Each structure stands twice: as structure tokens, then as C-alpha cells.
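# Remarks on the overall topology
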Amino acid sequence: MTQANENKAFAFYFDASRCNGCKGCQVSCKDGRGLSIDRNFRRVYEYGGGTFSQNGDGTMEQSSFAYYASVSCNHCEKPACTSACPTGAMHKKANGIVAIHDDICIGCSSCAEACPYDAPQLDTNRGKMTKCDGCFERLEFGLKPFCVQSCSQRALDCGTVAELQARYGGAPGVGHIAPLPNSNITQPNLLIRSSPCTRPTGDTNGSVLNPNEV
Amino acid sequence: MKRRDFLKVSAASAAVATVTGCSSDSADPAKPIEQPITDPIAGESHAWAQCQSNCWAWCPLKVITKDGKIIRVEPHSEGDDNFNTGRIHNKACAKGLMLKELVYSPERLTKPLKRTGPRGSGQFEEISWEQAANEVAQSLRSTIDTCGNRAVMLGNGSGAAHSSYPIMGPHVRLMNMLGGFQKTYGYYSASMKEMAIAYTFGEGTKNFAYGQGTGSSSVTEMKYSDYVLSFGYNPVEMFMTGGGEGHHFIQTLEQNDLKFVYIDPRYTDTCLGREDDWIGIRPMTDGAFIEALFHEILTAYYIDGSHVEKRQFAESFILGLTAETLTEYSANLSPSDDNYGYKDYIHPEENLKDYILGLGKFADENGANTHAKTPEWAAPICGIPAHKIRQVAQDLLSASAPFICSGQGVQRSAQGEQVMRMIYTLPVLLNAVGRRGTNNGDLPMVASAGPGAAPIPMAAWSDPTFPGFLGGTAPATVIKAKIPTYKTYEAMERGFEMTNRSDGVRGLKFDIKDPSNDETYGTNIKFLMTVAGNTVNQHGDINEVKRILSIEPSSPGQPEEPGLDMHVVIDTQMTPTAQWADIVLPDTTWTERWDLIASDNATVLTVPSIKPIGESKPMFEFMVMLADKLGLSGYATKGRTQEALTKTFLDEAINGVLGDTTLPPLEGHEKTGYVYIHPFDEPAIGMEKEFSKPDKPGLSTPSKLVETYSPRIAWMASAEGWEKDTEAYGATGGLSAIPKYVPTWESFESDDDGYPLQLVNYHTKGRAHSTFHNCPTLRKVYEDAIWVNPYDANTLGIISGEMLDVTSPRGTIQVAAKVTPRIAMGVVAIGQGAWHKELAGKDVGGCANTLTRQKATPLAKGNPMNTVRVRITKA
């Protein structure tokens, strides 16, 4: 579709078949953006499940699957956060990046409540909401966001939707995987490549295995 | 957490935006105030450092500073990044990126310390470097004078590669110049496999530098294979780096749609959909599994008469496959063969074929083969249904190029040598070694150019006898007797009486027939210096280690009296080991000193990004002080500072005899250092030469064959051979001429004794052994919790997040539960390396070694960390 190829919105790409759950993205974002221990602009979810039973002879029937999903703000086409923001601090920029006007944010957390991706993270010290802004200042200077730069397995990328589609195929919001919510809600600008292990959004055969790490 | 739950349930919560009662429609439509765009790196400087922790990938780290402080660390992302050309970004993983938290940690050592309370009490006073050097020199000299150089030991340490590389380091040079020291053999990582590979394939196959030269193929050789069988080879977790082996593995499998079967009690990140089958085996039962594979293969060869070429290959290379080959070998044994002295111990009836198929000596009392090692026999032991075992055997027989490999967890068990000898035999049995797409069973090699030029001058430098660029001044004195590393602490109590027969001490004289004249080691270890090592935490059975270290001799210099006279620890952090030192010296971190090291894919010139914290000092500069006190005038003739030394190394690495003139010079890099990428080589086939001529085997064993039957081990196993630990290993002491599956203490088949679960302690992604434990961010994103299978959790009534007491016969740790489908039933797992912290009789730090046993394995005398039975109860 020619429309897709002209899509200049900022987007992330995530390759579940390559991600090894090293969390370089999550950690370098915290380091580069100076985030406190409980604040994560990007989180790596471990999702998995399996079935287990024992046979009469002491042998075991075991099946397991697991994979990782690295998720930040998806700079959605229909951001729930901007709609929920009572002051207009949460806004979508012309390049598609969803960002916060720090000076008019009142720290009410409405955006955080609204976002199905857990992207807005309250800075409790300052009483201000914070979130992934695509490292837009770095982008302006030709630098990659910390998370993309630190991805050890080249599983994470960013760019305009058109660029990412040209590089990897796929489309924003298509083929999303558990534990991500249905992409119809906010139309996230996130392209995902699945792996033989991944399960579609809404899957009930597995669960988030690392709730304390995200 | 509410928001996290939200993520999970939000698919059904499309109406959530109304929760707030507000919408942007009601907001003040004030114009958004855009932040001015400012250069995000203005005012920043950088310098290259290197992660020198022991995952052994040694990734470059771009340390970003501002106003003299580290503000963050970035991975290498300069130049090309193309796996197909071998020029890639040498990207560090999350651990290295957290260097800042190590540099500025609350546990950071900043001043020399001297113990004031009882050893281990944690009571210290600050002293000067001068006083520290005086006291250490005096104690060292006194130990050598009274007990000899054999009483001096350098402790195992791998947390700062510059200094602890096994064959180099300033402390090694110093000790060599003093006349030598106890350089133990075997590593915590790989003792059993090193011994097994030496006995099976020969000494010439052994590591010359750890991780290289084991005779294994490159990981990238998998691209020519159609079937990969992995016994716990787990590169994706072990080497998370984006420059090293994990990355090479992921890329290789991405490009080759082979069949991948992964055997491990844990469903690791090496799987994640790459596997065609995960075989969640019980710990320490791989031997039974492989015997069943042998059974299927030997049945095909000798009962069905199929796969003739494979059989012929196996028969030409394997000593001990059949009675005939053993009889023939024994009959023709010449005095020049190193097995000649062991001729009496070659028993042809003890051959692999008869043992596996239940024939000959191994038949039952009626002469029937009911003792055959069938898949049905192995299944209830290893927990894997017989049809699955049979499938693996069939796949191996039908694959054109099976790549058989192993990790090192499988050999860190009480029968680790036995299972490794089987793993090395398996590819030979299948004609799946030494040719395209195959491997010798061992841990594959990283697809790199190998250590570049940089380590070479450093290695030469540590040996003052080497006719090298820094010159030698000391006589060629070395301590030939070598104690097994896993007897480090035992040797502080009874080293004086250790012999080759009793404890596997190498280099001591012994007579094959007459034990009465065995040479004893003659002294206990009295002086211990540990650099960048944390063996109190990383040795087995911490409570036993603490007991031995707490022994204070009545007076110094008594070779047969238990207890250390002095324990010196040099490190950057107050580790559990430093707490048990007499003198603690603050080293600089990887970014506070000059250095030159090769990683998997790069040579890194490190220049300091910040000044050393506090009074910390590069370890080398302390060694210079010590050398001065000890009158070793030739110690540091080419540079007395770390900076001068590194510059000399660089010059040698470029212009020396073994130099690489393509390496960049210092000029232009004085402020930042550099990363020089070496493109990695074409895939290498392991042991290609050794297996190229079936008519003329050329291995480095005494027989030139694959010694699946080892005449030397046959002697050890005999009545006049090695002393047997019958309490731990039964009548045979766990030794046998051919490798066998042997149930041991605390194995699946041993009595439960109130400890029903098997424990494996794996290498967590959140630490490199015990390094990085005190990084709060890493502790948060890699939770230290004990993995429990959902089936077991249900039986025990355990839920995720509950605090548990995990108890073995040695001690109790307290740790949270993580119920996960990624662990086999009946097995629990914790990441090793957490720092031991005793509180009211429990280890609340959750260190695996509070649970492990200080019981050396039969042949390698190594550490069986994965042989542990535990019970879990709610804390």
C-alpha cells in the first residue's frame, strides 16, 4: 500500500525470534535517562507456559514455551494517554512521538491509568509523569535511542513506519503477541516479528513469568 | 502492581480511558510548550573500558563521563555491523552497562584495611599502603622461609581479566620470581571436562587458554549441520553479549533450519522457539540417557548390522569399544606407549559393547542380556520416556552431520567425568567428529579470531623465565606439585599429608604397585593471596569454608598445623571473601586504570575515564611495592605504573615478535583508548586433523586412540590404585575403566533422606558468577528466586513470591519462590553467585554454595555443584 510507505510516524520494531531477554534495552534506558529503580520506560516481559504430568513408570511428560517481549511507549495513533490527560501536557508531536510538557503536567496519573502498555511512569519525587519520548533529542542529532543502541541481538529498532516496513516488512499493530493488549485499542506504532514460541494477544495458555522484574 | 495487572487484562478493557473522568476535550487547550532541542551529548567525554568479568566475552564498554563522574555506559556500536562479514558491533550486555553501579557502590573498597577482630568478623582498621606492603611482604617471606613455596597459594580469581588470566598477571610474576607458588589445577568452571577430555582425546586437546583450544568446533560450524544435540550448551544465557558466542549462536541458527534438540532440566533462553524438542532431564542422569543412546547405536551396528561405515569408523578410533580391540591393543603394547605401565589393568571383558548390550561379563546369571542399557532401563531414571530417547538415537544415526555439544553444567556434578567421557565418545561412535558440520561433544568455540595479539606479551611477562621483552631475572623455579582447585580449603587443614593417590595431587611421586612410598605434599597452605576472586562465596559448602578460615594457628610458620597465617584479598568490593581476609587492598575498577585486553572480537585499549576512587590503586602498582620490599629488583624494569606497563604491552602487541602491526598505535587515542574489531574467522572444524585418517589414528593419548577405555583410569579404579571414597561413591570410588552411569550421593536414585528435590544452580543472566551482585538495577531486573515447577508448587502449596527456606544437609538459604514452567518436575533451580549473608543461622543472601557440598569428584577432584538435594519449606 502506498499509504503505508508514506507513513512518517515514529515507530518501534521488535523481533521476538531474536530477543534473548538480556534487558540491555531496559537497563540502558534507566541508565541513560537517569530513572529510579522502580521506573522503567521500557520493560522486558517474560511470557511462558507449559504442561506437566508424570507417567506410571516415573517418566515425565513436559512441554514448555517461553519468550520475551520488550515494550515501551508505542507512540500510538490513538493514544489513550493524551485523551485522558486533563491538562494537555501529554501530547502527540508532529513526528508521532507522544511526549509530556513537564511544566504543565500535574502528576495526576490519569494517563498511566489509561495506557494499556504501562508506558507513563510517575516520578514520585517530583510529582510529574514521565515516559519514553523516543529519545527525541538523540534522534535529532542522529543518535539512536538508548534501548535500540543497546539491543545485544539486533532485535529492536526504530524509525518511521515506512522505514521499518521497508526494512522488516509487517505493519504496525499486526500480529501482536501476548501479553500485549489488543492493538485495536490505541493503534500502537509497534511492528513485531513473532517466533515459533510466541502466542497471539489474548492467549490464555501462558502468563507473565516475571512480574517482579518489570 | 496495579498497572502490571492492567497490561495483562487490558485486552478486555477498552473502556479504560474513561476511568479518569477527564478527557483532552476538557483540558486547557494552551499551546504545547516544546522543549528546546539541545545536543544530548554536549559536555560529555568518553573513554573505552572493558567488562573484565568472567563470562569470558570481555565486551568493550564506552564509559561516558561529565565533570569527572561517570554518567552512563554505552555499548560498542561503531563501524560495520554485519554478521556475514564477521565485522560486528561488540555490544556488551546489561551487566557491563551497569559498571557505574560497581564503581560507585556502597561496598566499594577505597582504603587498605587490616583485620582487628576475629577473622570473618568484618572488623577492620584503615592502614597505609606502606604498612600493608610491609606486613604482606614480611608474612610472605616468613612463610617461604619456614614452610617453603609450596605453602603459598594464589587463590582462584577471575573477576578482573587483566590480572587473573590463568597464565598471566602481576601477582603471578611476583610469585614466580620468589620461587613459585601453589598453582592449583582445574577450574570451578570445567575441572571434570578438562580431565575427561585429556583422558579421552589426549592432553594435546586440552585448553591452552580456557575457552579456546578444547578441540571443539566453532559455534558457527553449526551452519553446516542438520542436527544439533545439546547437553545443556546454553550460549544465549552464558554469553548474553551482542558480540560473542550467544549472538553467534542465534545468528547461525537463524540462517540454518536444522533440527535442534536441547537437553537440560531448565528450559533456557537458548530455546525460546529455536528448539525442536526440549528434553527436561533430571540432573545427573544424562549418563543413563547416553547409555541408552549407545544401546540403540550398538544394536544397530552389532545386532542389526546396519550403518557399517559408522561402525568401522568407531572401531578404528575407539579403544574399548569391543573386547577384540582391547585384546589386540594389549597384545601389541610397546614399552614406548605411555600405557605400557598400566598393561596389567587392561581387561578386554570390560568393554563398552558388552557393558551396554548386557553381554559377556555383563550378562545376568543366566547368561541373558537383561542388564542391557535399553531406553526402557534409562527412562525411569532420567525421566524421559523411552520413545523419546529412541527418537534421539534414530535422529543421530540418520543425520548427515550431527553436531553434538555440551555446556559445563552437566559436568559440574558428582559423576561429571563419567558423563563427559560418554559425551566425547558419542560423536566418535557416530562418525560425527572431525568433519564438516560436526563437533567433538565439547563446548563449542566462539566464532572469533581468538585472543588477539594483546594477551600474548602479558602472558610472556608473567613468566620471568620467558626469554621475552621484559627480561627474566629469576631462576626457572616452579612448584611442580599441583593440588586440585577444589581442595583449596582442605589443603589449609591437611595439605601436608596429601598424595597423588589420596587427593589427586599432581607432580608428586607415586609407585603404581606400592603405595607406601608415595610422596606427600609436606605442608599445609599457610599464605593465601586472592586477586579479584571470591572463593569463600564460590567454593562449595560456605559454612565449611568459614570453619576452615576461622582456624588460627598457635604460631605462624607451622607447616602441619591447620589454618592460614595470612589471607590477603585484593578487590574492588567488600565481597564475602574480603570479609574473611587479614589484609584487604582496594584495586581500581575496569575504568580507572590503563589496560590492554582482547575480547572475543576486539582488542581494547583502556584509558581511565575517571580518577581512582579513594586511595584505590591498580593491583600491579601494589605488586611493585611488594617487589621492592622483597628485593626483587628485576620485577618491573619496563614500567612501574599501570600506565607505563600498558604502553609497553601495546608497543609489544604491535611491534613485538608475535605482534600485530595492524593494531592502532597509542597516538591519537591517549584520551579515549580504542576498540579495534577483529573480524571473526570462517567456521573451524574441531579435531579435523586427529580424525582424518581412520587407518592411522593420531590423537595425543598414549594409544593415539580415543581412550573410551582408559588403562590409566583402570589402574586408579583397581585395588592398588587411588584411594576410594566409598562413603560418597560406593565400592568403586566412582572410578571405572570405561565411563558408566553411576548413581551417587544426593542423586535422583539415592535415598531421599528428607531432601526430596534436586537442585541445579545455574549462571544467572544478572551476574557473572558473583560479580555484579551488588548492582541494585541488576538485582531488580533479574530476580533471584528459586524456580519451582508448577506441578511441584501445586503439590507443596507454594505460590510465586512466597519466601522459602531451602535446606540441604549443609545449610539453609532464604529466597523467594518463582513458580515457572521453565524447570523440570522434581527439580528446583537458583542462579549461583548471590553473596552469602548469614542472619540467625540462615543465609538470607541466597548463595547456592550454602547448600553445595565440599566433596571432590572421583577423577578430577572437582566441584560437583549440581549434585545437591534439598527440601523447601515456607520461611
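Residues numbered from 1 in each chain as written. Chains lettered and ligands numbered in written order. Predicted model: local features only at pLDDT ≥ 70, side-chain atom pairs only at ≥ 80, totals over all residues.

## Here's the deal with the overall build of chain A
Within chain A, the regular secondary structure consists of seven helices and ten strands. Whereas a compact globule of 214 residues would reach a radius of gyration of roughly 17 Å, chain A reaches 18 Å, a difference of no more than 12%. Taking the principal axes of the C-alpha coordinates as reference, chain A spans close to 70 × 45 × 30 Å. Residues counted as buried form 57% of the 214 residues belonging to chain A. At a minimum sequence separation of 6, the contacts of chain A that also span at least 24 residues come to 62%. (Helix = DSSP H or I, 4+ residues; strand = E, 2+ residues; numbered from the N terminus. Rg over C-alpha atoms; globule rule 2.2 N^0.38 Å. Buried ≥ 20, exposed ≤ 12 C-beta atoms within 10 Å, placed from the backbone. Contact = placed C-beta atoms within 7 Å.)

## With respect to the nonpolar core
Residue and element names in this part refer to chain B. Counting residues in each nonpolar core, the largest one holds 312 residues, and the members touching the most others are Phe289, Leu293, Ile786, Val828 and Ala829. The element that contributes the greatest number of residues to this core is helix 10 (residues 286-303), accounting for nine residues. Dropping the residues within four chain positions of it, Val828 is found in contact with Leu757, Leu759, Ile786, Trp787, Val788, Ile823, Val870 and Ile872. (Core = buried A, V, L, I, M, F, W, Y, C linked by C-beta atoms within 7 Å.)

## Quick look at the interface of chain A and chain B
Across the contact, 72 residues belong to chain A and 71 residues belong to chain B. Listed by contribution, the elements that provide at least two residues to the side of chain A that touches chain B are helix 2 (24-33), strand 2 (43-54), strand 3 (60-71), helix 3 (80-84), helix 4 (110-114), helix 5 (136-140) and helix 6 (146-150) of chain A. For the side of chain A that touches chain B, the class distribution of residues is 27 nonpolar, 33 polar and twelve charged. (Nonpolar A, V, L, I, M, F, W, Y, C, P; charged D, E, K, R; others polar.)

## A short note on the sheet that holds strand 9 (residues 277-279) of chain B
Backbone-to-backbone hydrogen bonds pair the strands of a sheet. The strands run either parallel or antiparallel. All names here are of chain B. Pairing in this open sheet of four strands is parallel, and the strands run 9-8-7-10 from one edge to the other. Looking at strand neighbours, the two that pair on one side only are strand 9 and strand 10 (402-406), the edges of this open sheet. Each neighbouring strand pair of the sheet contributes to a mean axis angle of 15°, computed without reference to strand direction. Against the sheet, helix 15 (residues 386-398) engages strand 7 (227-231), strand 8 (259-263), strand 9 and strand 10, with an angle of about 130° to strand 7. (Pairing = 2+ DSSP bridges. Axes fitted to C-alpha atoms, helices over the stretch in contact; angles between N-to-C directions.)

## Observations regarding the sheet that holds strand 3 (residues 69-75) of chain B
Residue and element names in this part refer to chain B. What the three strands build is an open sheet, ordered 1-2-3; its pairing is antiparallel. The open sheet has two free edges, formed respectively by strand 1 (45-50) and strand 3, since each of these has just one partner strand. The mean inter-strand angle of the sheet, taken between neighbouring strand axes irrespective of direction, is 30°. By the bridge criterion, six bridges tie strand 2 (residues 60-66) to strand 3 in an arrangement that is antiparallel. Among the inter-strand pairings, Thr65 is bridged to a residue of strand 3, identified as Ile70.

## A closer look at the pairing of strand 14 (residues 595-598) of chain B
Along any regular strand, the residues point their side chains to alternate faces of the sheet. Residues and elements named next belong to chain B. Burial along strand 14 is two-sided: the face carrying Asp595 and Ile597 and the face carrying Leu596 and Ala598 are both buried. Relative to strand 15 (residues 602-606), strand 14 runs antiparallel, the two sharing four bridges. Following the sheet pairing, Leu596 is matched in strand 15 by Leu605. In this antiparallel pair of consecutive strands, strand 14 and strand 15, the connection spans three residues.

The values are spatial; any link to function lies outside them.
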